[in-house]
Amino acid sequence: MSKLAEKVLLDLTRAIDNDELVLPTLPEVALKVREAAEDPNVGIPEMTKVIGNDAALTARIIKVVNSPLLRTNREITDLQMAIGRLGINYTCNLATGLAMEQMFQATTDVVDRKMREVWTKSTEIAGICHVLCRHYTRLMPDQATLAGLVHQIGVLPILTYAEEHSELLSDSISLNHVIEQIHPIIGDKILRTWEFPEMIACIPSQYLNFSRDSGKVDYVDIVQVATLQSMLGTPHPYTQLDWSQIPAFAKLGIKPDLDIHADEDLSAAMDAAMTMLQ
């Protein structure tokens, strides 16, 4: 590890340990949606009112509900119909995930490119998670999608730090090393600060723990398999691992040598899921 990477790691680790790291806050619309969803008496009209104040998010949700993955014979043309079709919980998770894209913006071109790269990868993983969840588990596809969208959320504060330290921005190898080492710890911390449920909050620190075996399939398994599937055909070191030794595959009931991109139906569903999130 370079001296620069060591210094940044030390600075960020110390800031985390001392609760001095400035963590990003959820966009206001996501906070309001989550708050509304926690009210057991909330109905579709109330949720429509909360989301309807954000025109961009409203348009995205209507686009999602009319996507090939979720659409029915009847086209959905307004937000109230969309929420009625999706349900309150599904809408809440979808709105939270989609609203987070607002956070992936930077003031410098280098960091902006990196943030867009992270968000694009997160939507890819989220799309694969959605499909894996629907086809191989009885878990909730909306939770799996959200899990995919937040699995690298810990990268944000590191890139914010890099914006203020030009020497780190100009050394991409050190920056990538710092991200790799620290983002899982920060990610867990952010999601717990946001009061996400533990089954989602633990994902950043656990999805690359390939020996992890929770006994029954969970969202960490889905993100883990989605991440590995996204690397097929690349020279990434994880493609050289013995996937038959990774418990997540067995828990999902997926053969380690399966390439979901090669399966026509799964591949089409995955493309639809990714398009839905873009």
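Please read all numbers here as calculations on a predicted model, not as lab measurements. (Residues numbered from 1 in each chain as written. Predicted model: local features only at pLDDT ≥ 70, side-chain atom pairs only at ≥ 80, totals over all residues. Heavy atoms only, no water.)

**Observations regarding the overall build of the protein chain**
Broken down by element type, the protein chain carries 16 helices and zero strands. Computed over the C-alpha atoms, the radius of gyration of the protein chain is 19 Å, within 12% of the 19 Å expected from 2.2 N^0.38 for a compact globule of 278 residues. Considering only C-alpha atoms, the protein chain reaches an extent of 60 × 45 × 35 Å along its principal axes. Evaluated residue by residue, the protein chain yields a buried proportion of 54% over its 278 residues. Considering only contacts in the protein chain between residues 6 or more positions apart, those separated by 24 or more positions represent 67%. Approximately 13500 Å² of the protein chain is accessible, and the part contributed by carbon and sulfur atoms is 51%. Averaged over its 23 positive side-chain charges, the protein chain has a centre that lies 3 Å from the centre of its 37 negative ones. (Helix = DSSP H or I, 4+ residues; strand = E, 2+ residues; numbered from the N terminus. Rg over C-alpha atoms; globule rule 2.2 N^0.38 Å. Buried < 20%, exposed > 50% of the residue type's maximum accessible area, 1.4 Å probe, protein only. Contact = heavy atoms within 4.5 Å. Areas by Shrake-Rupley, 256 points an atom, 1.4 Å probe, with all protein chains shown as cover. Lys, Arg positive; Asp, Glu negative; His and termini not counted. Charge placed at Lys NZ, Arg CZ, Asp CG, Glu CD.)

**Regarding the environment of L98**
By the element assignment, L98 lies in helix α6 (residues 88–99). Each C-alpha atom, one on L98 and one on R60, is 7.9 Å from the other, the two residues being 38 residues apart in sequence. Not counting chain neighbours up to four residues away, the residues in contact with L98 comprise L57, R60, I61, V64, L149 and L277.

**Examining the UniProt feature "domain: HDOD" (unreviewed entry) in the protein chain**
Here the UniProt-annotated "domain: HDOD" (unreviewed entry) positions come out as residues 23–210. Helix makes up 70% of residues 23–210 and strand 0%, with an end-to-end C-alpha separation of 27 Å. (UniProt positions renumbered as here; feature names shortened; annotations may be inferred.)

**Remarks on the layout of surface pockets**
There is about 680 Å³ of room inside the largest pocket. Residue lining of the largest pocket: 24 residues in total, with Q152, H183, Y207, M231 and H236 positioned closest to the centre. The element that contributes the greatest number of residues to the lining of the largest pocket is helix α11 (residues 172–193), accounting for six residues. In this structure, the second largest pocket occupies an estimated 280 Å³ of space. Around the second largest pocket, the lining is made up of 18 residues, and of these V22, L156, P157, T160 and Y161 lie nearest the centre. Secondary structure elements with two or more residues in the lining of the second largest pocket: α1 (3–17) and α9 (155–163). Sort the elements by how many residues they give to the lining of the second largest pocket and α9 lands first, with five residues. Grouping the constituent residues of the lining of the second largest pocket by class yields twelve nonpolar, three polar and three charged. (1 Å grid on protein atoms, 1.4 Å probe; cavity = no way out; pocket = protein on both sides within 12 Å on 5 of 7 lines; lining within 4 Å. Points joined across faces, edges and corners; volume = space filled by probe spheres on them. Nonpolar A, V, L, I, M, F, W, Y, C, P; charged D, E, K, R; others polar.)

**What about the packing of aromatic side chains?**
Per the counting criterion, the structure on display carries four aromatic pairs. Summarising the aromatic geometry, the rings of F104 and W119 are spaced 5.1 Å apart at their centres and angled 45° between planes, so their arrangement reads as tilted. You can see F104 sitting in the loop between α6 and α7 (109–136) and its partner W119 sitting in helix α7, a full 15 residues away along the chain. In this structure F104 comes out as buried when scored by relative accessible area, which is 5%. (Phe/Tyr/Trp six-rings, centres within 6.5 Å; stacked < 30°, edge-to-face > 60°.)

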